[in-house]
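# Reading the structure
One letter stands for each residue in the lines below.
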Amino acid sequence: MKQIRFLVYIVITIVAVATLYNLQFKNKSTGDSVSGTAESDVRYDFNDLPVKGMVTMIDLGATECVPCKMMAPILKKLEAAYRDRAVIAFIDVWKHRDQAPRFGVRAIPTQVFFDPDGKEVYRHQGFMSENAIVEQLTRMGVEKPAL
């Protein structure tokens, strides 16, 4: 009898832990991500990207992708530094799968740079450093911010 009771406790514990894990994972993956960070701070509608009249950099990745995670603090910093001069946006293509074909994404992360007319000027796949992003924006005529 004690063995059966012990097995029941183990099964209940396993089910409880699995349920908590699933709830935590589900809550983590439900936020929209269209911002300069890999967090859910939605500033732009997908249809507004690229933003007309402004140089726009769109980073297409996923919040769970390792190089994308490495870029998240860089994008957050650059979004603040370039505010009102250029748009830095992030789209999580694992959550918004229709955006990957729209922007021709074949690997993540992919960074796409658009001129103020919305024409693609430059594309990069993989991790892109802060310096490389700043250099590209500078080549596109955006004044370098004080970082």
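Residues numbered from 1 in each chain as written. Predicted model: local features only at pLDDT ≥ 70, side-chain atom pairs only at ≥ 80, totals over all residues. Heavy atoms only, no water.

## Some words on the pattern of salt bridges
Pairs can form between side chains of opposite charge once their charged atoms are near each other. Counted only if it meets this: By salt bridge we mean one thing: a side-chain nitrogen of Lys or Arg within 4 Å of a carboxyl oxygen of Asp or Glu. Relative accessible area decides the class of each residue, using a 1.4 Å probe on protein chains only: under 20% of the type maximum gives buried, over 50% gives exposed, and in between gives partly exposed.
Inspection of the entire model under this criterion finds 4 salt bridges. Glu-64 is the salt-bridge partner of Lys-69, the closest N and O atoms lying 3.9 Å from each other. The partly exposed category is assigned to Glu-64, whose relative accessible area is 39%. Notably, a salt bridge pairs Lys-77 with Glu-130, separated by 3.2 Å at the nearest N-O pair.

## A closer look at the environment of Pro-67
Note the threshold: A run of H or I in DSSP becomes a helix once it reaches four residues, and a run of E becomes a strand once it reaches two; helices and strands are each numbered from the N terminus. We call two residues in contact when some of their heavy atoms are within 4.5 Å.
Structurally, Pro-67 can be placed in helix α2 (residues 66-81). Put simply, Pro-67 and Phe-127 are 60 residues apart on the chain and 5.5 Å apart in space, counted from C-alpha to C-alpha. Not counting chain neighbours up to four residues away, the residues in contact with Pro-67 comprise Pro-109 and Phe-127.

## Some words on the packing of aromatic side chains
For the record, the criterion: Working definition: a ring pair exists when centres of Phe, Tyr or Trp rings (six-membered ring for Trp) sit within 6.5 Å. Plane angles under 30 degrees give stacked, over 60 give edge-to-face, the rest tilted.
Under the counting rule described, the total for this entry stands at 2 aromatic pairs. Their ring planes at 65° and their centres at 6.2 Å tell us that Phe-103 and Phe-114 sit as a pair that is edge-to-face. In this pair, Phe-103 sits in the loop between α3 (99-102) and β4 (110-114) while Phe-114 sits in strand β4, placing the two residues 11 residues apart along the sequence.

## Concerning the confidence of the model for the protein chain
For the record, the criterion: Every residue carries a pLDDT, the predictor's confidence in it, which falls somewhere between 0 and 100.
Of the residues in the protein chain, 76% have a pLDDT of 70 or more, and the chain-wide mean is 83. Taking the mean pLDDT of every element in the protein chain, the minimum, 50, falls on strand β1 (residues 34-35) and the maximum, 98, on β4. Confidence drops under a pLDDT of 50 for residues 36-42, and excluding neighbours within four residues, the segment shows 26 contacts in the predicted structure.

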